[in-house]
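Fold and contact review
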Amino acid sequence: MVLLKKRIRYHQHEAIAGWLLALPAILGFFFFYLGPMLASLILGLTDWKVGRRPNFVGIGNFVAMFTTDPFFWQSLKVTTYYTVTSVPIGVMTAFAVALLLNLNVRGQRIFRTIFYFPTIVPAVANAVLWMWIFNTDFGLLNFILSWFGIPPQRWLFSIDLVIPSLVLMSLWGLGGSMVVFLAGLQGVPAHLYDAVAVDGGNAWDRFRAVTLPMMTPVLLFNLVLGLIGAFQAFTQVFIMTEGGPANASLFYVYSIWRTAFQFSEMGFACALAWVLFLIIAAVTALVFRSTRWWVYYEGAIT
Amino acid sequence: MSTIAPVRISDSVRSLSERARVMHRRRPSTGNILAYVVLIGASAVFLTPLVWMVRSSFMSNFQILKFPPDWIPNPILWQNYPEALKALEFTRVVANTLRLVILNSLGIFITAPMSAYAFGRLRWPGRNLFWALILSTMMLPGAVTLIPTFLGWRALGAINTYYPLWVSSWFGGHAFNIFLLRQFFLTLPRELEEAAVMDGAGRLRILWTILVPLSKPAIVTIIIFDFLYRWNELLAPIIYLYSEPKFTLAMRLASFRGMYHAQFGYLMAASTVTVLPIIALYFAAQQYFVEGIALTGIKG
């Protein structure tokens, strides 16, 4: 009896301890996520400008966004262009590099460090460095192109090249996803490769029948993180282009920042932020829905 | 979402693949030679921007604006460094940034293990619901909560103070960190705890004297990644801070860019000194960087 009582007390105690220990995180969820989300939705339904009285305008902001606002479609177009180029190219290149490194090459650690290194360069320093690399008159890139007889390009100052330039720069940071791929590759059980070898398979068979299916969860992970990150890109354009030339690099989050903190249109900026949230949620949901066609889940790799 | 777990290669598998590796090494195939050529070429491409940065940082404006450019500065000009450090007000902005790093890390160090313990090891009503809600915040774009959070801090009179830049870390230390630590706690055997419970140890004592010391690698990893995040962060500081003495290093470098836009020697010296502490940290704690990323590596 005494033991049983002790056990019941112990379980009650566990419930209280659980609540108390989780309390900071739960409060944080209300203060920093749910609260601001709801506030953002309500503000998004007003025409509030800093220093003026807000009026409730219903879905007016959203209607304006899709019909009359000069920047919404442009920022959406630019951000989508950047995302659909930088993410697939980045994920595939990172995967390719990881595959090469996984070929039991000597000096794997050194190569891994070299490819990983750029990702630890602070974003602002990175942006400043690439501005210099893209410099039209004295930059590194035009110098290298001159070896091949290609005339100097205007890169960040060219409406057509500004996004490709930012994509090129983003590729320099593929080391993060490469390391995730590499960790995944090293977790593929060797006996699966042995099975292919027994069946007389070659390198291509090993890749197609083992590596690729086993790596699809990692591909998914890098793809989703890449998409969410690319949709929210900000620092590059803030430092390098300020959305120019002619709004050709007006990234969505930069546009939100400008609307809120330069034009002081808080209500409209909240509406913009909510649309971004819905877009990211929809894209992520789509990617996850597609996983049953292409992601292979083995019980456990461990 | 797929579950993510520490990637662990069991010893038997490791020894097998190790053997396979040794077997491979005996006959370097044409494939491997090709891989080397590609890897070395790609490494050169990846290193070039850094070389370019450092080389430019030792050049005068006259040297730098030469076409075709020199790869080695001649003569080597050291002067950009003291001048850039002075113009950046390096000591002050680094002190400001470190202050934020410390305040955030402390919050994470204290509250993330608590949350990870509560969500990973204890049973209490509502646990699964709140865990799902907290996990979902990992997918939430920061831009959505940015403006109302800003307005909330403004209502509290906290604009141009550091509070908005660290207080949230004391509320569970962010979903991703709780998640990583929880994953780590789940790998620790339950018997450890049960023995302590038998001895009459309280929950907090179990957490702080048993689980936390055993989770050192995960905690160090989390702190390092938070350090990198604070060193990088630009959007939040530019929104909350407006008086120059409070600027962080990233902000200062950003505004520096505007002031000296044509003086690339200066700018590259300033960028180099911003990168250097991170490089030092990388080499001091390399294993945590790599393991930390492997920690996020996925399992089906």
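Just above, that's the structure.
Residues numbered from 1 in each chain as written. Chains lettered and ligands numbered in written order. Predicted model: local features only at pLDDT ≥ 70, side-chain atom pairs only at ≥ 80, totals over all residues. Heavy atoms only, no water.

**A short note on the packing of aromatic side chains**
The relative placement of two aromatic rings is captured by the distance of their centres and the angle of their planes. Short version of the rule: By convention, a stacked pair of Phe, Tyr or Trp rings (six-membered ring in the case of Trp) has centres within 6.5 Å and planes under 30 degrees apart, an edge-to-face pair has planes over 60 apart, and any other such pair is tilted. Under the DSSP-based scheme used, a helix requires at least four consecutive residues in state H or I and a strand at least two consecutive residues in state E, with every element numbered from the N terminus. Placement of a positive charge over a ring is assigned whenever Lys NZ or Arg CZ falls within 6 Å of the ring centre and within 35 degrees of the normal to the ring plane.
This model, assessed by the stated rule, comprises 46 aromatic pairs over all chains. Here F31 of chain A and F171 of chain B contribute two aromatic rings whose centre-to-centre distance is 5.6 Å and whose plane-to-plane angle is 70 degrees, an arrangement assigned as edge-to-face. Remark: F171 of chain B occurs in the loop between α8 (163-166) and α9 (175-186) and F31 of chain A occurs in helix α1 (residues 2-43); the pair is interchain, linking two chains. Here a set of aromatic residues connected by ring pairs shows up, and it is made of W19, F29 and F30 of chain A together with F119, W124, F130 and W131 of chain B. In this arrangement the basic side chain of R55 of chain B is found over the ring face of W52 of chain B, its NZ or CZ atom lying 4.0 Å from the centre.

**Considering the environment of G267 of chain A**
Residues and elements named next belong to chain A. Our working rule: Note on contacts: a residue pair is in contact if any heavy atoms of the two residues lie within 4.5 Å.
Examined against the element boundaries, G267 turns out to sit in helix α13 (residues 266-294). Counting along the chain gives 64 residues from G267 to A203, while the straight-line C-alpha distance between them is 57 Å. The residues touching G267, leaving out its near neighbours within four places in the chain, are L43, G44, T46, W48 and N61.

**Observations regarding helix α5 (residues 123-133) of chain A**
We apply this condition: For every residue, the accessible area (1.4 Å probe, protein chains only) is compared with the maximum for its type, and the residue is labelled buried under 20%, exposed over 50%, or partly exposed between those bounds.
Burial analysis of α5 of chain A places 10 of its 11 residues in the buried class, which makes it a mostly covered element. Of all the residues in α5 of chain A, the buried ones are V124, A125, N126, A127, V128, L129, W130, M131, W132 and I133 of chain A.

**Some details on the packing of α5 of chain A against helix α14 (residues 249-259) of chain B**
Test applied: Lines are fitted to the C-alpha atoms to define the axes, a helix being fitted only along its stretch in contact, and any angle between axes, read from their N-to-C directions, falls within 0 to 180 degrees. For this classification, under 35 degrees means roughly parallel, over 145 means roughly antiparallel, 65 to 115 means roughly perpendicular, and everything else is oblique. Handedness of a helix crossing follows the sense of rotation of the near helix relative to the far helix, less than a right angle counterclockwise being left-handed and clockwise being right-handed. Classification used: nonpolar for Ala, Val, Leu, Ile, Met, Phe, Trp, Tyr, Cys and Pro, charged for Asp, Glu, Lys and Arg, polar for all others including Gly.
Where α5 of chain A meets α14 of chain B, the axes come as close as 9 Å, and the angle between the chain directions of the two elements is 20 degrees. Relative to α14 of chain B, the element α5 of chain A is oriented roughly parallel. As α5 of chain A packs across α14 of chain B, the resulting crossing turns out to be left-handed. The segment α5 of chain A lies against α14 of chain B, with V124, A125, V128 and M131 of chain A engaging A250, L253, A254 and R257 of chain B. When the residues that make up the contact of α5 of chain A with α14 of chain B are grouped by side-chain class, the tally is seven nonpolar, no polar and one charged.

**Looking at the interface of chain A and chain B**
Threshold: Two parts placed together each lose some accessible area; with a 1.4 Å probe, that loss summed over both constitutes the buried area. Salt bridges are identified by distance alone: a Lys or Arg side-chain nitrogen within 4 Å of an Asp or Glu carboxyl oxygen. Contacts described as polar in this section are N or O atom pairs within 3.5 Å, which, within protein, must combine one atom able to donate a hydrogen with one able to accept it, while residues neighboring in sequence count only if both atoms come from side chains.
Facing the 102 residues of chain A at the interface are 107 residues of chain B. Among the residues chain A hides against chain B, the three largest losses belong to L21, F32 and W132 of chain A. Together they make up 8% of the total. Along the contact surface separating chain A from chain B lie two salt bridges. Here R203 of chain B ties to E14 of chain A by a salt bridge, and the two come within 4.0 Å at their closest N and O atoms. Taken together, chain A and chain B are joined by nine residue pairs in polar contact (both at pLDDT 80 or more).

**What to know about the side chain of Q286 of chain B**
Examined against the element boundaries, Q286 of chain B turns out to sit in helix α16 (residues 286-296). Of the residues examined, Q286 of chain B reaches a relative accessible area of 17% and is grouped as buried. Of note is the side chain of Q286 of chain B, whose polar atom sits 3.4 Å from the side chain of T113 of chain A. Contact partners of Q286 of chain B, with chain neighbours within four places excluded, come to R109 and T113 of chain A.

Read these as geometric descriptors, not functional statements.
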